[in-house]
Amino acid sequence: MSTNSSNQLRPGQIARQSGQYEIVGPRGGRTGDERTVTRGEPMPPTPKPNMSFNLVDRTKNGRR
């Protein structure tokens, strides 16, 4: 799989960047579901256990 588990965030972890995060299945499969999360906020719960989040579209703003 092309997903890198070091870039994935678990529910409750603090988002390092604002943007669209895709929910990834327990074995790394893409679900197509996305959530918008703001930097510094905790990641929301996932629909099923052992799922995680992967940043797919970073928010474009002046701060980096």
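Scroll up for the structure.
What you are looking at is a predicted structure, and each value in this text was computed from that prediction instead of being measured.

## As for the overall build of the protein chain
- The secondary structure content of the protein chain amounts to 0 helices and 3 strands.
- The N-to-C order of helical and strand elements in the protein chain reads β-β-β.
- Split into buried and exposed, the 64 residues of the protein chain put 28% on the buried side.
- Residue pairs at least 24 apart in sequence account for 56% of intrachain contacts in the protein chain once pairs closer than 6 positions are excluded.

## Side note on the sheet that holds strand β1 (residues 19–24)
- In space, the 3 strands of this open sheet follow the order β2-β1-β3, with antiparallel pairing throughout. Edge positions in the open sheet fall to β2 (30–37) and β3 (52–58), since each of these has one partner strand only. Shown here is a sheet whose adjacent strand axes are inclined to one another by a mean of 35°, direction ignored.

## Considering the pattern of salt bridges
- Taken as a whole and judged by the stated rule, the model has 2 salt bridges.
- The shortest N-O distance in the salt bridge between E22 and R30 comes to 3.1 Å.
- With a closest N to O distance of 2.9 Å, K60 and D57 form a salt bridge.
- Under the relative-accessibility criterion, D57 is labelled partly exposed at 38%.

## What to know about the side chain of Q8
- Within the fold, Q8 resides in the segment before β1.
- Here the side chain of Q8 touches S52 through a polar contact of 2.9 Å, side chain to side chain.

Calculation rules
- Residues numbered from 1 in each chain as written.
- Predicted model: local features only at pLDDT ≥ 70, side-chain atom pairs only at ≥ 80, totals over all residues.
- Heavy atoms only, no water.
- Helix = DSSP H or I, 4+ residues; strand = E, 2+ residues; numbered from the N terminus.
- Buried < 20%, exposed > 50% of the residue type's maximum accessible area, 1.4 Å probe, protein only.
- Contact = heavy atoms within 4.5 Å.
- Pairing = 2+ DSSP bridges.
- Axes fitted to C-alpha atoms, helices over the stretch in contact; angles between N-to-C directions.
- Salt bridge = Lys/Arg side-chain N within 4 Å of Asp/Glu carboxyl O.
- Polar contact = N/O pair within 3.5 Å; in protein donor to acceptor, adjacent residues only side chain to side chain.

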